[in-house]
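# Report on the structure
Residue-level listing of the chains:
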Amino acid sequence: MTDVSREVWLILGVVAVVTLVGAVLLAIRVFRMRRLLGSLGVGGRVAFYGALIYTILPVDLLPDPIYLDDMAVLAGTLLYLGRLVRQQRRSVHRGDAGLPGQPTPPAVTRRPGAQ
């Protein structure tokens, strides 16, 4: 084995380990959000379980030593679940409790100087 091929294999090994660690860290963050699933609705549950199933199953868009597709799915799920959490917090802050199917109360606007 020449020095060049040894260096190439070393670089590929480091890249594979770094992407694996990144995918595992993202999976842990997604898994920690499971406690919020009851309040995030069906969309949140589907995104959560779909991301975990995609990450665990051996069928991928890219071969398994390359975890970039898994990382993209997990990162997208984190972004989506984070958006759902922010929407829920805003609706609770507004006072409509974020219950699905209930209309949002109209915003009250006042003219300057009006009492």
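So, here is what we can say about the structure in this document. (Residues numbered from 1 in each chain as written. Predicted model: local features only at pLDDT ≥ 70, side-chain atom pairs only at ≥ 80, totals over all residues. Heavy atoms only, no water.)

## What about the overall build of the chain?
- Within the chain, the secondary structure is distributed over three helices and zero strands.
- In the chain, the order of α-helices and β-strands from amino to carboxyl end is α-α-α.
- Evaluated residue by residue, the chain yields a buried proportion of 24% over its 115 residues.
- Relative to all contacts within the chain whose residues are 6 or more apart in sequence, the contacts with residues 24 or more apart total 54%.
- Accessible surface, the chain as shown: approximately 8800 Å² in total, 67% of it carbon and sulfur. (Helix = DSSP H or I, 4+ residues; strand = E, 2+ residues; numbered from the N terminus. Buried < 20%, exposed > 50% of the residue type's maximum accessible area, 1.4 Å probe, protein only. Contact = heavy atoms within 4.5 Å. Areas by Shrake-Rupley, 256 points an atom, 1.4 Å probe, with all protein chains shown as cover.)

## With respect to the nonpolar core
- Membership of the largest hydrophobic core comes to 14 residues, with the highest contact counts inside it found for Val30, Met33, Leu40, Phe48, Leu74, Leu78 and Leu81.
- The contact partners of Phe48, leaving out residues within four places of it in the chain, are Val30, Phe31, Arg34, Leu37, Thr77 and Leu81. (Core = buried A, V, L, I, M, F, W, Y, C linked by side-chain atoms within 4.5 Å.)

## Comments concerning the environment of Leu37
- For Leu37, the location among the structural elements is in helix H2 (residues 37-56).
- Along the backbone, Leu37 and Val85 are 48 residues apart, and their C-alpha atoms lie at a distance of 9.8 Å.
- Leave out the neighbours within four places in its chain, and Leu37 touches Gly44, Arg45, Phe48 and Tyr49.

## Quick notes on the environment of Arg29
- Topologically, Arg29 is positioned in helix H1 (residues 3-32).
- Along the primary structure Arg29 and Leu74 are separated by 45 residues, whereas in three dimensions their C-alpha atoms are 8.8 Å apart.

## Section: H2
- With 20 residues, H2 should cover 28 Å at 1.5 Å per step; its first-to-last C-alpha distance of 19 Å lies more than 12% under that length.
- Its maximal kink placed at Gly43, H2 deviates by approximately 90°. (Expected span 1.5 Å × (residues − 1). Bend = angle between axes of the 7 residues up to and from the residue.)

## Comments concerning a nonpolar patch on the surface
- Nonpolar side chains collect at one region of the surface, where Val17, Leu20, Val21, Val24, Leu25 and Ile28 lie side by side and expose about 490 Å² of accessible area between them.
- With respect to the helices and strands, the residue Ile28 is situated in helix H1. (Patch = residues over 30% accessible without salt bridge, like charges linked within 9 Å, V, L, I, M, F, W, Y side chains within 5 Å. Salt bridge = Lys/Arg side-chain N within 4 Å of Asp/Glu carboxyl O.)

## A word on the packing of H2 against helix H3 (residues 68-94)
- Taken N-terminus to C-terminus, the directions of H2 and H3 make an angle of 165°; their axes are 9 Å apart at the nearest point. As far as their axial angle goes, H3 and H2 are roughly antiparallel. The two elements H2 and H3 cross, and the hand of that crossing is left-handed. Between H2, through Ser39, Leu40, Gly43, Gly44, Ala47, Phe48, Ala51, Tyr54 and Thr55, and H3, the contact on the second element is made entirely by Asp69, Asp70, Val73, Leu74, Thr77, Tyr80, Leu81, Leu84, Val85 and Gln88.
- Tallied by class, residues from the contact of H2 with H3 come to eleven nonpolar, six polar and two charged. (Axes fitted to C-alpha atoms, helices over the stretch in contact; angles between N-to-C directions. Parallel < 35°, antiparallel > 145°, perpendicular 65-115°, else oblique. Left-handed = near helix turned anticlockwise from the far one by under 90°. Nonpolar A, V, L, I, M, F, W, Y, C, P; charged D, E, K, R; others polar.)

Geometry only, nothing functional implied.
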